[in-house]
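The chain contents come next:
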Amino acid sequence: MRIDKYLWCVRYYKTRTLATTACKKGHIRVNNDIVKPSREVYAQDNIEIRLNQIKYQITVNDLPESRVGAKLVDIYRIDKTPKEQFDAQELLKLAKDYYREKGVGRPTKKDRRDIDEYNDEASNE
C-alpha cells in the first residue's frame, strides 16, 4: 500500500491530498528515509510523521483494506510517540495564550468592549 494512502486510512490525515502534500514536503520518513507519496509500506515499517509540530513515531502492524474507523486504528499501527512530544505541544499552547496582567497599562479594544458590555448589562437590570 502507498504511504499516502496508509496515512489517510489510519486517520493521520483527513484527505489523501494532505497526506501526499506532507510526503512531498518531507514530513514523512519510513525507516529514517524521506519518502515520496508512492513509496510502498509493509508490515513492521517504522514511520515518523511530523504533524502540528509533533513527531509521531508509529510501527505498521497490518495494512487496512480501506479507511478504518477511529476505534479500529490501533489494530493497524503501534504508536511509539514519546510523551515529551505532547508536553512540548502543551507548553507551546501556554506560551501563545500570554495575556497582559490586569492593571498594567490602558485597556485594549477587546477589554474596552468587555467593560462596555458589562456596564450595559448592569444598567439594564
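Definitions and limits used
- Residues numbered from 1 in each chain as written.
- Predicted model: local features only at pLDDT ≥ 70, side-chain atom pairs only at ≥ 80, totals over all residues.
- Heavy atoms only, no water.
- Core = buried A, V, L, I, M, F, W, Y, C linked by side-chain atoms within 4.5 Å.
- Buried < 20%, exposed > 50% of the residue type's maximum accessible area, 1.4 Å probe, protein only.
- Helix = DSSP H or I, 4+ residues; strand = E, 2+ residues; numbered from the N terminus.
- Contact = heavy atoms within 4.5 Å.
- Disulfide = S-S within 2.5 Å.
- Salt bridge = Lys/Arg side-chain N within 4 Å of Asp/Glu carboxyl O.
- Pairing = 2+ DSSP bridges.

A. Broad picture of the nonpolar core. Counting 25 residues, the largest nonpolar core has Ile 3, Tyr 6, Leu 7, Tyr 13, Ile 28, Ile 47 and Ile 49 as the members making the most contacts within it. Of all elements in the fold, only α1 (3-9), α2 (16-25), β1 (28-30), β3 (46-51), β4 (54-60) and α3 (73-76) reach the threshold of two or more residues within this core. Residue contacts for Ile 47: discarding those within four places in its chain leaves Ile 3, Tyr 6, Ile 28, Arg 29, Val 30, Val 41, Tyr 56, Gln 57, Ile 58 and Val 60.

B. Focus on the state of the cysteines. In this structure the tally under the stated criterion is zero disulfides. Counting only cysteine sulfurs, Cys 23 is the nearest neighbor of Cys 9, a cysteine outside any disulfide, at a range of 13 Å. For Cys 9, a relative accessible area of 0% corresponds to the buried category. A residue is classified by how much of its surface remains accessible, and Cys 23, at 3% relative accessible area, is buried.

C. Geometry of the pattern of salt bridges. One pass over the structure, following the stated rule, counts seven salt bridges. A salt bridge links Asp 114 to Lys 110, with the nearest nitrogen and oxygen atoms 3.2 Å apart. A residue pair is termed a helical-turn pair when its members lie 3 or 4 positions apart in one helix, as Asp 114 and Lys 110 do in helix α5 (residues 109-124) at four residues. Residue Arg 112 is joined to Asp 116 by a salt bridge in which the shortest nitrogen-to-oxygen separation is 3.4 Å. You can see Arg 112 and its partner Asp 116 sitting in helix α5, four residues apart, about one turn around the helix. Look at Arg 112 and you get partly exposed, because its relative accessible area is 42%. According to the relative accessible area criterion, Asp 116 is partly exposed, its value standing at 33%.

D. Molecular detail of the environment of Asn 61. Turning to its location among the elements, Asn 61 is positioned in the loop between β4 and α3. Other than its neighbours up to four places away in sequence, Asn 61 contacts Ala 43, Asp 74, Ile 75, Tyr 76, Arg 77 and Ile 78.

E. Examining the pairing of β3 more closely. Alternating residues of β3 divide into Ile 47, Ile 49 and Leu 51, all buried, and Asn 46, Glu 48 and Arg 50, none buried. Note that β1 and β3 share three bridges and pair antiparallel. Bridge pairing links Ile 28 to Ile 49 in β3. Two elements, β3 and β4, share six bridges in a ladder whose sense is antiparallel. Following the sheet pairing, Ile 49 is matched in β4 by Tyr 56. Hairpin connection between β3 and β4: a loop of two residues separates the two successive antiparallel strands, and Asn 52 in this loop has a positive phi of roughly 55 degrees.

F. The arrangement of the environment of Cys 23 in detail. Within the element layout of this structure, Cys 23 appears in helix α2. Spatially, the C-alpha atoms of Cys 23 and Val 35 are 6.3 Å apart, while their sequence positions differ by 12 residues. Beyond its immediate stretch of four places on either side in the chain, Cys 23 contacts Ile 3, Ile 28, Val 35, Lys 36 and Pro 37.

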